[in-house]
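Take a look at the letters that make up each chain.
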Amino acid sequence: MAPRVVVIGLASDFGCQVQMTNIEDHLLDVLGLIDLRYWQLASSGHLPDSYDVAIIEGAVTTDEHVALLERVRETAGVVIAIGACAFTGGIPALAALGEIDRHCAVVYGDTPPVAGVTRRTPGPVGSVIAVDYHVPGCPIDTDEFVRVLHRALQGLSDRPPQDPLCAVCKTMENVCFLERGQVCLGLVTRTGCGARCVTLGRPCTGCRGLSPEANLPAAAGVLESRGLDGAELVRLFDLYNAAREAVR
Amino acid sequence: MSVIPQDAYRRDAETNPYRPWPARITSIIDLTETEKLFEFRIIDPEIRESFTFQSGQFVELSIFGVGEAPISISSAPSKQGFVELCVRCAGDVTGALHAKQCGDVVGIRGPFGRGFPFQEMKGHDVLLVAGGLGIAPLKSLINHIHDERHEFGKVTILYGAKNPAEVLFRYQFDMWKHRDDFDLILTVDEPDESWDGERGLVTGLFDQIEVDPDNTYGAICGPPVMYKYVIDEMRKKHMDVDKIYVSFERRMKCGIGKCGHCGVGHQYTCVDGPVFNYWEAMNLQGAI
Amino acid sequence: MFFRMVEKDQIADLVRGLASEYEVVGPVEKQGRFVFAPVTGAEELRLDYDTTLLPPKRWFFPPEETIMRFRTADEEVTDDEVFAPPRVLFGLHPCDINALLLMDNVFTRDYVDPYYKARRDNTLVVGVSCTPSDTCFCNVWDTDEVHWGFDVFLTDLGDRYYASLRTVKGAELLDDYVKSSEVTEEDTAEFQRVVGEFKQAFDNDVDTTQLPVLLDAKFDSPIWDEFGEQCLSCGACSMVCPTCYCFDVTDRLAPDQKSGRRVRTWDSCQFKEFAAVAHGQNFREGRASRVKYRYYHKQWGYLSKFERVLCVGCGRCARACPSDISPVRVIEALQTGGVR
């Protein structure tokens, strides 16, 4: 029997769910492996009471998210976090830098943005419940998503790439941004994207999160030695990784 | 640009060392909670015929869609036509293998590496020391010695495991305890009330044995921490450094000395080992 | 070896001729640096390049390649063909040709690697002489000269090339596509003068005395901890190295999981999981032990097997390492006991 799958969105722009539709050619092949019961972006129904695999996009920003995730964890055998928001807190976690109340006041004024919702410090899904599989990136790479889904269906271990980005960037024969006097976060960012941004002419912004093997002190030293500000590394890294302490 | 000619594509099916041969699982025995003993029969009769190996060699077990894992052969070379692998469920490939049924097909490449010097050992006493899963490659050697028992002097086997439930091949060893042509001593760290063997580490058994230092070959396989202590005990018995053989577990990914993963010191475990004598092993920086 | 003199303006004819039979790959400019890329004419070539971002190894051993296709239902290999189009690598420097010879030792001896071998067999190599850049140290390993591993080697004598013809195929190509002339005694004297100047032009001199001994005797030296602290474990050094051949193999399933590909990709001993086994034991857990292993293998492990060090002094790793860890610095540290 095909595993019953649900797709749930928390705080995000739904870009990763859109990426799932971008599997295009192979979407039907993938759907053939699963029994898709609920897809927040594409279906009008409700989250069913029972399912096997929960795919979660978005950061946790309210108490209601927490309650939902706790219910999901009790129900689903397998939880997959997709995208920067779910994996590292992503862009929503930026709100937690400095005073979150002040930020909200600027955006929403005195009235709460949505009635009946209790705001909390934004964080990744893994800060609230145990996550079995991870798909990093903003947005996710469709091939990588399918690969991780396969691994989950096969019962294999969760193996998001561990090492920094530079190696694959070298194989793309990119001229290093550091040589051109620009900060690039590839030095410390989790690989697996094929160095797409750098290849297209933009330095890495760290959307796949901190590589567990990153050597941050050495990376800051690298910037200093090239006449750049070492602290810039951390500041730029905050864009997608403000909640990095909470990543598990 | 010119049109790409036909010979731009090459096919080397016969000689491609990366290509696994389909092999059928002919038997599965549950040994412990985490270890099973699998018996395989290579499907292609020609390949099966030509598949000969030495004790201590390994194969690459392949499950397409999951990957490959190096596993040492635990059957004796004298048992032809079949390959027996004792496999712990420890990673993705071994986990997927554990989920297979009798009759299922997997891939096998090999045999690879350098095994124990069986011919050289003939005419001598042999002291085999195993810890935990390390008994798997040594069982091949033990069974091979058994098949040609008259060629060897005294044969002593010391085998240590964590607890009685983790003792592998217990059915065989229970039978062997009563034989007088093998001196077999089993020990566990954590005995239960059913255990009638020794208690403690395998190194503690050396007080009970006598070794003729000029005439004894040693063979050791176990967890990495074990080697140094067992070798110390063998050296205390004055055994020669080049008659003590150890088998290393490293990440033998390609099996043929190319991919680099099993590098130890200046050697590759997959082609220069996995069996090294202690002199060689001492010369491998970071090995022991 | 045979020799011919080739006027420089003949190179356009040569490349045009080669392109009618082969895919021609040579050095072209990319954002102020150079890469080996397919060209259709000599005007795209930059034979005055210093070094390329990636070495030529990628044309024999690509960063990622499918080594077989399979069916999951019955574990059958459905295809393990090698795509090896007839190709000319045009304009390789001596260091890079020497590096290919070192790769050949690994991939074409004992258990021949059919993928590498097919491409090597189908590729012609045309070498060209060079001028040392500030990161070059091929002089240290005597890899500034090369005497085999190529079909034609062109030594630049200003307006002409002194062409060394190593193979029948190389001689035929020159016959077919360019007008060349006999080498005179004066030409050889000029050749000697040019290579003599070349040998004097290197800035880097490294004391390689007794390296294998030092690597063993100073195995526990604190210099490795210092390099370990600097290393980013990014693997850039391995990717750009013309002699690093380590690889990983992974299976990629088709979306319907019924079939898939077994893929090999370049790997690096600087990655943390490189030496880890399934049970969780990692034999080179620390950064320092991994940096050390890289040099230990290059300067001693490979040497013990093939009687050459696994480095040709191309300087690519020195340029690529964000932390400026380079063979020159490491060897100096081994000699002096201190990291500079």
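From a predicted model like this one, the values you see are computed outputs, not experimental measurements.

### A few points about the interface of chain C and chain B
Of the residues lining the interface, 63 residues belong to chain C; the matching set on chain B comes to 55 residues. Of the roughly 4800 Å² buried at the junction of chain C and chain B (both faces included), carbon and sulfur atoms supply 54%. The largest share of the area that chain C buries against chain B comes from C:E75, C:Y111 and C:H279, three residues that together contribute 16% of it. Where chain C packs against chain B, one counts four salt bridges. With a closest N to O distance of 2.8 Å, B:K253 and C:D248 form a salt bridge. For the side of chain C that touches chain B, the leading source of residues is helix α10 (residues 287-306) of chain C, giving seven residues. In terms of residue class, the side of chain C that touches chain B is built from 33 nonpolar, nine polar and 21 charged.

### A look at the layout of surface pockets
A probe as big as a water molecule, rolled over the atoms, marks out the empty space that is left. Residues and elements named next belong to chain C. A volume near 640 Å³ is recorded for the second largest pocket. Lining the second largest pocket are 30 residues, and of these S129, C130, F153, T155 and V195 sit closest to its centre. Of all the elements in the fold, those that place two or more residues in the lining of the second largest pocket are β9 (152-156), β10 (160-165) and α6 (185-200). Looking at which element gives the most residues to the lining of the second largest pocket, the answer is α6, with six residues. For the lining of the second largest pocket, the class distribution of residues is 18 nonpolar, five polar and seven charged.

### Quick look at the domain arrangement of chain B
All names here are of chain B. Domain annotation for chain B reports domain 1 (21-112) and domain 2 (118-247). Counting from both sides, the interface comprises 17 residues of domain 1 and, opposite them, 15 residues of domain 2. Roughly 1200 Å² is buried in total at the junction of domain 1 and domain 2, and carbon and sulfur atoms are behind 62% of that figure. Counting across the interface, domain 1 meets domain 2 through one salt bridge.

### Let's talk about the pattern of salt bridges
Enumeration over the complete set of coordinates arrives at 53 salt bridges over all chains. C:K305 is paired through a salt bridge with B:D272; the nearest N and O atoms lie 2.6 Å apart. Taken as a pair, C:K305 in helix α10 and B:D272 in helix α7 (residues 269-272) lie in two separate chains rather than in one. Overall, the relative accessible area of 31% leaves C:K305 in the partly exposed class. Since its relative accessible area comes to 15%, B:D272 is described here as buried. Across the salt bridge formed by C:R119 and C:E65, the nearest N and O atoms sit 2.7 Å from each other. Placement of C:R119 in helix α3 (residues 114-121) and of C:E65 in strand β4 (residues 64-71) is noted, with a sequence separation of 54 residues between them. Of the two residues, C:R119 and C:E65, both sit in the buried class. In this structure, a network of salt bridges that share partners links the residues B:E39, B:K79, B:E84 and B:K139.

### Overview of the environment of A:A152
Relative to the helices and strands, A:A152 resides in helix α6 (residues 142-154). Separated by 108 residues in the primary sequence, A:A152 and A:S44 have C-alpha atoms spaced 26 Å apart.

### What to know about the domain arrangement of chain C
Residue and element names in this part refer to chain C. Each assigned domain of chain C is listed with its residue range as follows: domain 1 (2-200) and domain 2 (211-336). Each of domain 1 and domain 2 has a C-alpha centre, and the two are 26 Å apart. Contacts between the two partners involve 45 residues from domain 1 and, on the opposite side, 42 residues from domain 2. Between domain 1 and domain 2, roughly 3600 Å² of surface is buried when both sides are summed, and carbon and sulfur atoms account for 60% of that area. Linking domain 1 to domain 2 there are five salt bridges. The salt bridge involving E65 is made with R264; its shortest N-O contact spans 3.0 Å. Applying the counting criterion to the domain 1 and domain 2 interface returns 27 residue pairs in polar contact (both at pLDDT 80 or more). No other element matches helix α2 (residues 94-107), which puts nine residues into the side of domain 1 that touches domain 2. When the residues that make up the side of domain 1 that touches domain 2 are grouped by side-chain class, the tally is 24 nonpolar, nine polar and twelve charged.

Reading the values: rules and limits
Residues numbered from 1 in each chain as written. Chains lettered and ligands numbered in written order. Predicted model: local features only at pLDDT ≥ 70, side-chain atom pairs only at ≥ 80, totals over all residues. Heavy atoms only, no water. Contact = heavy atoms within 4.5 Å. Buried area = accessible area lost by both parts, 1.4 Å probe. Salt bridge = Lys/Arg side-chain N within 4 Å of Asp/Glu carboxyl O. Helix = DSSP H or I, 4+ residues; strand = E, 2+ residues; numbered from the N terminus. Nonpolar A, V, L, I, M, F, W, Y, C, P; charged D, E, K, R; others polar. 1 Å grid on protein atoms, 1.4 Å probe; cavity = no way out; pocket = protein on both sides within 12 Å on 5 of 7 lines; lining within 4 Å. Points joined across faces, edges and corners; volume = space filled by probe spheres on them. Domains from an automatic or database assignment. Buried < 20%, exposed > 50% of the residue type's maximum accessible area, 1.4 Å probe, protein only. Polar contact = N/O pair within 3.5 Å; in protein donor to acceptor, adjacent residues only side chain to side chain.

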